[in-house]
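# A closer look at the structure
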Amino acid sequence: MPLFSSENVLVPIDFSDEAMKALKDTLEFVKDPAKVHALYVLSPLEATDPGVVWQTVDDNTRIAKIREMYTKHFPEEIYQKIKFTVEVGNPSSEIIDYAQSNGMDLIVIPSSGKTGLSRFFMGSVSEKVVRFSHCPVLVIRH
């Protein structure tokens, strides 16, 4: 029996070098892009954000821009077979909810770069995902 199941694997991405490498490494491990899910989480818009006040930005335009960025960063055909989803909300909560509602067997997430007081007060997304996830979480440290 393998240590990690590779039936449904979630890789949260934020287009950082670490997240992009995690997605590439996961694809090499799983081999079948149809079993890989990539998730990008946008923070909610505030009513006082200039784009909201001037009605030039909404969630739909932001999601479309993220989809364009995904295609730009991952133009190869194999990456287009990955299920790419964009959600709006709290990153750790959205990752956990997505993994549970879509029956993920494994979450592959890079560790954050926070240390010291900022990590103590804010916590990290990867730490919260590890703490509350229903499935195994592989944290990649760079």
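Before reading further, recall that the structure is shown in the block above.
Residues numbered from 1 in each chain as written. Predicted model: local features only at pLDDT ≥ 70, side-chain atom pairs only at ≥ 80, totals over all residues. Heavy atoms only, no water.

## Brief notes about the pattern of salt bridges
A full pass over the atoms with the stated rule returns six salt bridges. In this structure, lysine 35 and glutamate 7 form a salt bridge, with 3.6 Å as the shortest nitrogen-oxygen distance. Taken as a pair, lysine 35 in the loop between α1 (17–30) and β2 (36–42) and glutamate 7 in the segment before β1 (9–12) lie far apart in primary sequence, 28 residues in all. The class for lysine 35 is partly exposed, based on a relative accessible area of 25%. (Salt bridge = Lys/Arg side-chain N within 4 Å of Asp/Glu carboxyl O. Helix = DSSP H or I, 4+ residues; strand = E, 2+ residues; numbered from the N terminus. Buried < 20%, exposed > 50% of the residue type's maximum accessible area, 1.4 Å probe, protein only.)

## Section: the side chain of threonine 85
Tracing the backbone through its elements, the reader meets threonine 85 in strand β3 (residues 83–88). The contacts of threonine 85, once residues within four sequence positions are left out, are Ala38, Leu39, Tyr40, Arg67 and Tyr98. (Contact = heavy atoms within 4.5 Å.)

## Some details on the environment of valine 9
Within the secondary structure layout, valine 9 lies in strand β1. Sequence spacing of valine 9 and methionine 104 is 95 residues, and the spatial spacing of their C-alpha atoms is 5.7 Å. Dropping the residues within four chain positions of it, valine 9 is found in contact with Thr26, Val30, Lys35, Val36, His37, Met104, Leu106 and Val108.

## A word on the environment of valine 86
Relative to the helices and strands, valine 86 is located in strand β3. For the pair valine 86 and alanine 64, spaced 22 residues apart in sequence, the C-alpha to C-alpha distance is 9.1 Å. Apart from the residues lying within four places of it in its own chain, the contact partners of valine 86 are Tyr40, Leu42, Ile63, Ile66 and Arg67.

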